[in-house]
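# Overview (structure and organization)
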Amino acid sequence: MEQDNPAPEEKILPQTGCANCGHPIVEQGHPTQLCADCRAKFIHYPIPGGIKIFAGVIGVVLIFAMFKVPGNFSAGIHYQRGKEAIKKSNYNTAEKELSKVIKKIPGFVSAKEYLAIASFHNQDMESFVKMVGELQGQKVEDESLYNEINGLIAKVPNYVPGDSLMAFYTKYHSFDSIPEGVYREYLSTHQDELFPALRYASVIFNNKQYRACDSLLDRILEKDPAYPEALYMKTSIKRELDQLDSAHYYCDRILSLNKESTYGMASKARTYLKQKKDAEGLQWALKSNEPDPAEPYSMATLALAYHLNNQPGERDKLLEASKKDSTQGAFMQYVIDIMDGKEKFR
(Lines give C-alpha, C1' and ligand atoms only; values in the text may rest on other atoms or scores of the structure.)
Protein backbone atom coordinates (compact mmCIF):
# COMPACT_ATOMS: atom_id res chain seq x y z
CA MET A 1 0.00 0.00 0.00
CA GLU A 2 1.31 3.39 -0.96
CA GLN A 3 1.98 5.93 1.80
CA ASP A 4 0.01 9.15 1.92
CA ASN A 5 1.98 12.10 0.59
CA PRO A 6 3.19 14.16 3.57
CA ALA A 7 2.08 17.83 3.72
CA PRO A 8 4.83 20.30 2.95
CA GLU A 9 6.45 21.72 6.09
CA GLU A 10 5.50 25.29 6.96
CA LYS A 11 8.52 27.49 7.37
CA ILE A 12 8.53 29.44 10.66
CA LEU A 13 10.38 32.71 10.42
CA PRO A 14 12.27 33.86 13.50
CA GLN A 15 10.45 36.63 15.40
CA THR A 16 12.29 39.98 15.72
CA GLY A 17 11.36 43.04 17.75
CA CYS A 18 8.56 43.57 20.34
CA ALA A 19 5.66 41.17 19.89
CA ASN A 20 3.21 43.95 20.75
CA CYS A 21 4.49 47.14 19.09
CA GLY A 22 7.38 45.95 16.89
CA HIS A 23 10.02 48.06 18.66
CA PRO A 24 13.42 46.63 17.64
CA ILE A 25 14.86 46.74 21.20
CA VAL A 26 13.41 44.09 23.51
CA GLU A 27 14.16 42.96 27.07
CA GLN A 28 16.11 39.75 27.04
CA GLY A 29 15.61 36.70 29.28
CA HIS A 30 11.82 36.29 28.77
CA PRO A 31 9.94 33.75 26.61
CA THR A 32 7.82 36.50 25.00
CA GLN A 33 9.78 39.29 23.33
CA LEU A 34 8.52 42.64 24.59
CA CYS A 35 10.06 46.08 24.85
CA ALA A 36 10.40 47.62 28.30
CA ASP A 37 7.33 49.89 27.94
CA CYS A 38 5.00 47.09 26.73
CA ARG A 39 6.21 44.68 29.40
CA ALA A 40 5.50 47.29 32.09
CA LYS A 41 2.06 47.98 30.59
CA PHE A 42 1.11 44.30 30.55
CA ILE A 43 2.40 43.70 34.08
CA HIS A 44 0.36 46.58 35.46
CA TYR A 45 -2.69 46.09 33.24
CA PRO A 46 -5.73 46.83 35.44
CA ILE A 47 -8.26 43.97 36.05
CA PRO A 48 -11.81 45.22 35.30
CA GLY A 49 -14.01 45.60 38.35
CA GLY A 50 -16.58 43.08 37.03
CA ILE A 51 -13.93 40.38 36.78
CA LYS A 52 -12.76 41.16 40.30
CA ILE A 53 -16.34 40.78 41.64
CA PHE A 54 -16.85 37.57 39.68
CA ALA A 55 -13.59 36.15 41.00
CA GLY A 56 -14.61 37.09 44.53
CA VAL A 57 -17.95 35.34 44.18
CA ILE A 58 -16.25 32.21 42.83
CA GLY A 59 -13.87 32.30 45.79
CA VAL A 60 -16.74 32.52 48.27
CA VAL A 61 -18.54 29.65 46.54
CA LEU A 62 -15.42 27.52 46.64
CA ILE A 63 -14.89 28.25 50.32
CA PHE A 64 -18.57 27.50 51.06
CA ALA A 65 -18.41 24.27 49.07
CA MET A 66 -15.20 23.30 50.85
CA PHE A 67 -17.05 23.28 54.17
CA LYS A 68 -20.65 22.50 53.18
CA VAL A 69 -20.61 20.14 50.22
CA PRO A 70 -18.74 17.32 51.97
CA GLY A 71 -21.28 17.46 54.81
CA ASN A 72 -24.25 17.44 52.46
CA PHE A 73 -22.64 14.76 50.33
CA SER A 74 -22.11 12.68 53.45
CA ALA A 75 -25.72 13.26 54.53
CA GLY A 76 -26.86 12.12 51.10
CA ILE A 77 -24.92 8.88 51.48
CA HIS A 78 -26.42 8.24 54.93
CA TYR A 79 -29.90 9.03 53.56
CA GLN A 80 -29.57 6.48 50.76
CA ARG A 81 -28.20 3.91 53.19
CA GLY A 82 -31.14 4.54 55.50
CA LYS A 83 -33.68 4.12 52.70
CA GLU A 84 -32.03 0.92 51.50
CA ALA A 85 -31.95 -0.42 55.07
CA ILE A 86 -35.70 0.19 55.41
CA LYS A 87 -36.36 -1.67 52.15
CA LYS A 88 -34.48 -4.63 53.62
CA SER A 89 -36.21 -4.35 57.03
CA ASN A 90 -32.88 -3.52 58.70
CA TYR A 91 -34.43 -0.93 60.99
CA ASN A 92 -31.59 -0.53 63.47
CA THR A 93 -29.23 0.41 60.65
CA ALA A 94 -31.90 2.66 59.14
CA GLU A 95 -32.45 4.56 62.39
CA LYS A 96 -28.71 5.11 62.88
CA GLU A 97 -28.13 6.29 59.32
CA LEU A 98 -31.16 8.59 59.19
CA SER A 99 -30.37 10.08 62.61
CA LYS A 100 -27.03 11.19 61.14
CA VAL A 101 -28.88 12.85 58.25
CA ILE A 102 -31.21 14.79 60.58
CA LYS A 103 -28.25 15.92 62.64
CA LYS A 104 -26.59 17.40 59.55
CA ILE A 105 -29.77 18.67 57.83
CA PRO A 106 -32.47 19.24 60.49
CA GLY A 107 -35.10 20.32 57.95
CA PHE A 108 -34.85 17.25 55.69
CA VAL A 109 -38.52 16.18 55.65
CA SER A 110 -38.11 12.91 53.74
CA ALA A 111 -35.39 11.77 56.13
CA LYS A 112 -37.76 12.46 59.04
CA GLU A 113 -40.47 10.39 57.38
CA TYR A 114 -38.18 7.41 56.97
CA LEU A 115 -36.77 7.90 60.46
CA ALA A 116 -40.30 7.80 61.89
CA ILE A 117 -40.86 4.44 60.18
CA ALA A 118 -37.56 3.00 61.41
CA SER A 119 -38.17 4.23 64.96
CA PHE A 120 -41.60 2.64 65.11
CA HIS A 121 -40.31 -0.76 64.00
CA ASN A 122 -37.52 -0.52 66.58
CA GLN A 123 -40.14 0.23 69.23
CA ASP A 124 -38.40 3.55 69.83
CA MET A 125 -41.65 5.33 70.52
CA GLU A 126 -39.97 8.46 71.87
CA SER A 127 -38.23 9.08 68.53
CA PHE A 128 -41.33 8.10 66.58
CA VAL A 129 -43.53 10.60 68.43
CA LYS A 130 -40.87 13.30 68.05
CA MET A 131 -40.56 12.78 64.28
CA VAL A 132 -44.34 12.70 63.78
CA GLY A 133 -44.61 15.95 65.74
CA GLU A 134 -41.99 17.60 63.52
CA LEU A 135 -43.79 16.41 60.38
CA GLN A 136 -47.05 18.10 61.37
CA GLY A 137 -47.96 20.75 58.80
CA GLN A 138 -45.25 19.69 56.34
CA LYS A 139 -46.08 19.36 52.64
CA VAL A 140 -46.71 15.78 51.52
CA GLU A 141 -44.33 14.82 48.70
CA ASP A 142 -44.67 11.02 48.76
CA GLU A 143 -48.24 9.85 49.29
CA SER A 144 -47.21 6.23 49.95
CA LEU A 145 -44.90 7.35 52.76
CA TYR A 146 -47.66 9.54 54.15
CA ASN A 147 -50.10 6.62 54.17
CA GLU A 148 -47.57 4.30 55.77
CA ILE A 149 -46.84 6.74 58.60
CA ASN A 150 -50.55 7.34 59.15
CA GLY A 151 -51.02 3.59 59.42
CA LEU A 152 -48.33 3.45 62.10
CA ILE A 153 -49.87 6.40 63.95
CA ALA A 154 -53.17 4.49 64.02
CA LYS A 155 -51.38 1.64 65.83
CA VAL A 156 -49.92 3.80 68.59
CA PRO A 157 -52.90 3.37 71.00
CA ASN A 158 -52.10 -0.37 71.05
CA TYR A 159 -48.62 0.36 72.40
CA VAL A 160 -49.41 2.86 75.16
CA PRO A 161 -51.76 2.76 78.14
CA GLY A 162 -55.03 4.68 78.05
CA ASP A 163 -56.14 7.07 80.78
CA SER A 164 -58.32 4.43 82.46
CA LEU A 165 -55.46 1.96 82.79
CA MET A 166 -53.10 4.70 83.98
CA ALA A 167 -55.43 5.24 86.93
CA PHE A 168 -54.69 1.66 88.04
CA TYR A 169 -50.99 2.17 87.37
CA THR A 170 -51.02 5.19 89.70
CA LYS A 171 -52.84 3.18 92.36
CA TYR A 172 -50.63 0.07 92.21
CA HIS A 173 -47.37 1.82 91.13
CA SER A 174 -46.60 -0.61 88.26
CA PHE A 175 -48.46 -2.62 85.63
CA ASP A 176 -47.10 -5.91 87.00
CA SER A 177 -48.51 -5.06 90.44
CA ILE A 178 -52.09 -4.70 89.22
CA PRO A 179 -54.00 -7.79 90.48
CA GLU A 180 -55.19 -10.39 87.99
CA GLY A 181 -58.83 -9.81 88.97
CA VAL A 182 -58.54 -6.10 88.23
CA TYR A 183 -57.05 -6.88 84.79
CA ARG A 184 -59.80 -9.39 83.99
CA GLU A 185 -62.53 -6.93 84.97
CA TYR A 186 -60.88 -4.14 83.00
CA LEU A 187 -60.48 -6.27 79.87
CA SER A 188 -64.13 -7.36 80.01
CA THR A 189 -65.13 -3.76 79.31
CA HIS A 190 -62.11 -2.74 77.17
CA GLN A 191 -61.83 -5.71 74.82
CA ASP A 192 -60.29 -3.72 71.95
CA GLU A 193 -57.34 -2.40 73.98
CA LEU A 194 -54.23 -4.48 73.28
CA PHE A 195 -51.84 -2.82 75.71
CA PRO A 196 -53.68 -3.93 78.90
CA ALA A 197 -54.12 -7.43 77.39
CA LEU A 198 -50.38 -7.63 76.88
CA ARG A 199 -49.65 -6.41 80.42
CA TYR A 200 -52.08 -9.00 81.80
CA ALA A 201 -50.32 -11.66 79.70
CA SER A 202 -47.05 -10.60 81.34
CA VAL A 203 -48.56 -10.97 84.81
CA ILE A 204 -49.87 -14.48 84.21
CA PHE A 205 -46.60 -15.43 82.49
CA ASN A 206 -44.70 -14.42 85.63
CA ASN A 207 -47.17 -16.55 87.62
CA LYS A 208 -46.27 -19.51 85.33
CA GLN A 209 -49.76 -19.75 83.82
CA TYR A 210 -48.20 -20.52 80.47
CA ARG A 211 -51.13 -22.01 78.57
CA ALA A 212 -53.49 -19.22 79.59
CA CYS A 213 -50.84 -16.71 78.58
CA ASP A 214 -50.35 -18.48 75.25
CA SER A 215 -54.09 -18.27 74.48
CA LEU A 216 -54.25 -14.60 75.40
CA LEU A 217 -51.29 -13.82 73.15
CA ASP A 218 -53.06 -15.62 70.30
CA ARG A 219 -56.00 -13.25 70.69
CA ILE A 220 -53.69 -10.23 70.65
CA LEU A 221 -51.93 -11.45 67.51
CA GLU A 222 -55.26 -12.07 65.77
CA LYS A 223 -55.90 -8.32 66.05
CA ASP A 224 -52.33 -7.26 65.26
CA PRO A 225 -50.15 -10.05 63.77
CA ALA A 226 -47.08 -7.79 63.93
CA TYR A 227 -47.38 -6.77 67.61
CA PRO A 228 -43.69 -7.02 68.63
CA GLU A 229 -44.02 -7.58 72.38
CA ALA A 230 -46.67 -10.26 71.87
CA LEU A 231 -44.29 -12.05 69.49
CA TYR A 232 -41.44 -11.62 71.98
CA MET A 233 -43.47 -13.23 74.73
CA LYS A 234 -44.58 -16.02 72.40
CA THR A 235 -40.97 -17.17 71.96
CA SER A 236 -40.52 -17.44 75.74
CA ILE A 237 -43.87 -19.21 76.23
CA LYS A 238 -43.06 -21.79 73.58
CA ARG A 239 -39.71 -22.54 75.21
CA GLU A 240 -41.39 -22.95 78.59
CA LEU A 241 -43.93 -25.32 77.00
CA ASP A 242 -41.01 -27.16 75.33
CA GLN A 243 -42.49 -26.40 71.91
CA LEU A 244 -39.13 -25.49 70.43
CA ASP A 245 -40.09 -25.60 66.76
CA SER A 246 -42.84 -23.11 67.53
CA ALA A 247 -40.33 -20.98 69.46
CA HIS A 248 -38.13 -20.82 66.35
CA TYR A 249 -41.19 -19.99 64.25
CA TYR A 250 -41.98 -16.91 66.34
CA CYS A 251 -38.31 -15.89 66.41
CA ASP A 252 -38.31 -16.04 62.63
CA ARG A 253 -41.51 -13.98 62.48
CA ILE A 254 -39.84 -11.30 64.59
CA LEU A 255 -36.78 -11.31 62.34
CA SER A 256 -38.92 -11.19 59.18
CA LEU A 257 -40.45 -7.94 60.47
CA ASN A 258 -37.11 -6.50 61.61
CA LYS A 259 -34.05 -8.42 60.48
CA GLU A 260 -31.92 -6.58 63.05
CA SER A 261 -34.15 -7.24 66.06
CA THR A 262 -31.68 -7.99 68.85
CA TYR A 263 -34.50 -9.57 70.85
CA GLY A 264 -35.35 -11.88 67.96
CA MET A 265 -31.71 -12.95 67.63
CA ALA A 266 -31.24 -13.40 71.38
CA SER A 267 -34.44 -15.40 71.67
CA LYS A 268 -33.33 -17.62 68.80
CA ALA A 269 -30.03 -18.13 70.65
CA ARG A 270 -31.89 -19.23 73.78
CA THR A 271 -34.02 -21.63 71.75
CA TYR A 272 -30.91 -23.27 70.28
CA LEU A 273 -29.39 -23.46 73.77
CA LYS A 274 -32.58 -25.07 75.05
CA GLN A 275 -32.18 -27.68 72.27
CA LYS A 276 -28.60 -28.27 73.48
CA LYS A 277 -27.29 -26.88 70.21
CA ASP A 278 -24.79 -24.81 72.13
CA ALA A 279 -22.51 -23.76 69.25
CA GLU A 280 -25.45 -22.37 67.27
CA GLY A 281 -26.77 -20.72 70.41
CA LEU A 282 -23.47 -18.97 71.04
CA GLN A 283 -23.29 -17.82 67.42
CA TRP A 284 -26.73 -16.20 67.62
CA ALA A 285 -25.99 -14.73 71.05
CA LEU A 286 -22.85 -13.05 69.74
CA LYS A 287 -24.80 -11.72 66.76
CA SER A 288 -27.47 -10.31 69.06
CA ASN A 289 -24.89 -8.62 71.26
CA GLU A 290 -23.03 -6.85 68.44
CA PRO A 291 -25.31 -3.83 67.85
CA ASP A 292 -25.45 -2.84 71.54
CA PRO A 293 -23.29 -4.83 74.00
CA ALA A 294 -25.07 -3.13 76.93
CA GLU A 295 -28.59 -4.26 75.92
CA PRO A 296 -29.71 -6.31 78.97
CA TYR A 297 -31.55 -9.23 77.34
CA SER A 298 -28.82 -9.81 74.73
CA MET A 299 -26.11 -9.43 77.36
CA ALA A 300 -27.74 -12.02 79.64
CA THR A 301 -28.27 -14.36 76.68
CA LEU A 302 -24.59 -14.16 75.78
CA ALA A 303 -23.61 -14.88 79.40
CA LEU A 304 -25.89 -17.93 79.34
CA ALA A 305 -24.37 -19.09 76.05
CA TYR A 306 -20.85 -18.74 77.44
CA HIS A 307 -21.90 -20.70 80.53
CA LEU A 308 -23.36 -23.59 78.51
CA ASN A 309 -20.38 -23.58 76.15
CA ASN A 310 -17.98 -23.95 79.12
CA GLN A 311 -16.39 -20.53 78.75
CA PRO A 312 -16.51 -19.32 82.37
CA GLY A 313 -13.97 -16.55 81.84
CA GLU A 314 -16.06 -14.77 79.19
CA ARG A 315 -19.24 -15.42 81.21
CA ASP A 316 -17.80 -13.90 84.37
CA LYS A 317 -16.69 -10.75 82.54
CA LEU A 318 -20.32 -10.11 81.60
CA LEU A 319 -21.54 -10.96 85.09
CA GLU A 320 -19.11 -8.44 86.56
CA ALA A 321 -20.03 -5.76 84.00
CA SER A 322 -23.75 -6.18 84.75
CA LYS A 323 -23.23 -5.18 88.39
CA LYS A 324 -22.87 -1.56 87.29
CA ASP A 325 -26.42 -1.38 85.91
CA SER A 326 -29.53 -2.41 87.84
CA THR A 327 -31.49 -3.31 84.70
CA GLN A 328 -28.67 -5.48 83.39
CA GLY A 329 -28.36 -7.05 86.83
CA ALA A 330 -32.06 -7.95 86.87
CA PHE A 331 -31.79 -9.78 83.56
CA MET A 332 -28.52 -11.41 84.58
CA GLN A 333 -30.11 -12.80 87.75
CA TYR A 334 -31.88 -15.41 85.61
CA VAL A 335 -28.48 -16.65 84.39
CA ILE A 336 -27.12 -16.69 87.93
CA ASP A 337 -30.14 -18.72 89.08
CA ILE A 338 -29.48 -21.24 86.29
CA MET A 339 -25.84 -21.45 87.34
CA ASP A 340 -26.86 -22.02 90.98
CA GLY A 341 -29.48 -24.61 90.09
CA LYS A 342 -32.40 -22.45 91.24
CA GLU A 343 -33.80 -22.28 87.71
CA LYS A 344 -34.03 -25.21 85.31
CA PHE A 345 -33.27 -24.15 81.75
CA ARG A 346 -33.13 -27.59 80.15
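Every chain is numbered independently, its residues counted from 1 as its sequence is written. Side-chain atom pairs in this predicted model are given and counted only at pLDDT of 80 or more, local residue features only at pLDDT of at least 70, and totals for whole chains, interfaces and linings cover all residues. In computing side-chain properties, one takes all heavy atoms of the structure into account and sets aside hydrogens as well as water.

## Topic: the overall build of the protein
We count a stretch as a helix when DSSP gives it H or I for four or more residues in a row; a strand needs E for two or more, and each element gets its number in order from the N terminus. For the protein, the helix and strand inventory stands at 17 helices and 0 strands. Taken across its 346 residues, the protein has 39% of its residues classed as buried. In short, Shrake-Rupley with a 1.4 Å probe defines the accessible areas, and a residue's cover is counted only from the protein chains shown. About 20,900 Å² of surface is accessible on the protein, with carbon and sulfur atoms providing 55% of the total. Accessibility here uses a 1.4 Å probe with only protein chains present; expressed as a share of the type maximum, an area under 20% marks a residue as buried, one over 50% as exposed, and anything in between as partly exposed.

## Notes on the packing of aromatic side chains
Each Phe, Tyr or Trp ring (for Trp, its six-membered ring) is paired with any other whose centre lies within 6.5 Å, and the angle between the two planes then decides the class: stacked below 30 degrees, edge-to-face above 60, tilted in between. The full count for this structure, using the stated rule, is 14 aromatic pairs. Ring geometry for Phe120 and Tyr159: centres 5.4 Å apart, planes at 75 degrees, overall edge-to-face. Of this pair, Phe120 sits in helix α4 (residues 109–121) while Tyr159 sits in the loop between α6 (143–155) and α7 (163–172), and the two are 39 residues apart along the sequence. Taken together, a centroid distance of 6.3 Å and an interplanar angle of 80 degrees make the contact between Tyr297 and Phe331 edge-to-face. Highlighted residues: Tyr297 in helix α15 (residues 296–308) and Phe331 in helix α17 (residues 326–339), separated in sequence by 34 residues. As a reminder, the over-ring test applies to NZ of lysine and CZ of arginine, requiring each to be within 6 Å of the ring centre and within 35 degrees of the ring normal. Sitting over the face of the ring of Trp284, Lys268 holds its NZ or CZ atom 5.9 Å from the ring centroid. If you follow Lys274 out to its NZ or CZ, it ends over the ring of Phe345, 5.6 Å from the centre.

## Looking at helix α9 (residues 194–206)
Expected span of a helix, by definition, is 1.5 Å for each gap between consecutive residues, and there is one gap fewer than residues. Over its 13 residues, α9 extends 18 Å from the first C-alpha to the last, a length consistent with the 18 Å expected when each residue adds 1.5 Å. At its buried positions, α9 is contacted by α7, α8 (180–189), α10 (210–223) and α11 (228–240). Remark: Lys208 follows α9 within two positions and exhibits a positive phi of approximately 65 degrees. In what follows, residue pairs with any heavy atoms lying within 4.5 Å of each other are defined as contacts.

## With respect to the pattern of salt bridges
The working definition used for a salt bridge is a side-chain nitrogen of Lys or Arg within 4 Å of a carboxyl oxygen of Asp or Glu. Throughout the structure, instances matching the rule amount to 14 salt bridges. Asp224 is paired through a salt bridge with Lys155; the nearest N and O atoms lie 3.6 Å apart. One end of the pair, Asp224, is in the loop between α10 and α11; the other, Lys155, is in helix α6, and 69 residues separate them in sequence. The buried category is assigned to Asp224, whose relative accessible area is 4%. A salt bridge links Glu180 to Arg184, with the nearest nitrogen and oxygen atoms 3.4 Å apart.

Worth remembering: the numbers are spatial, not functional.
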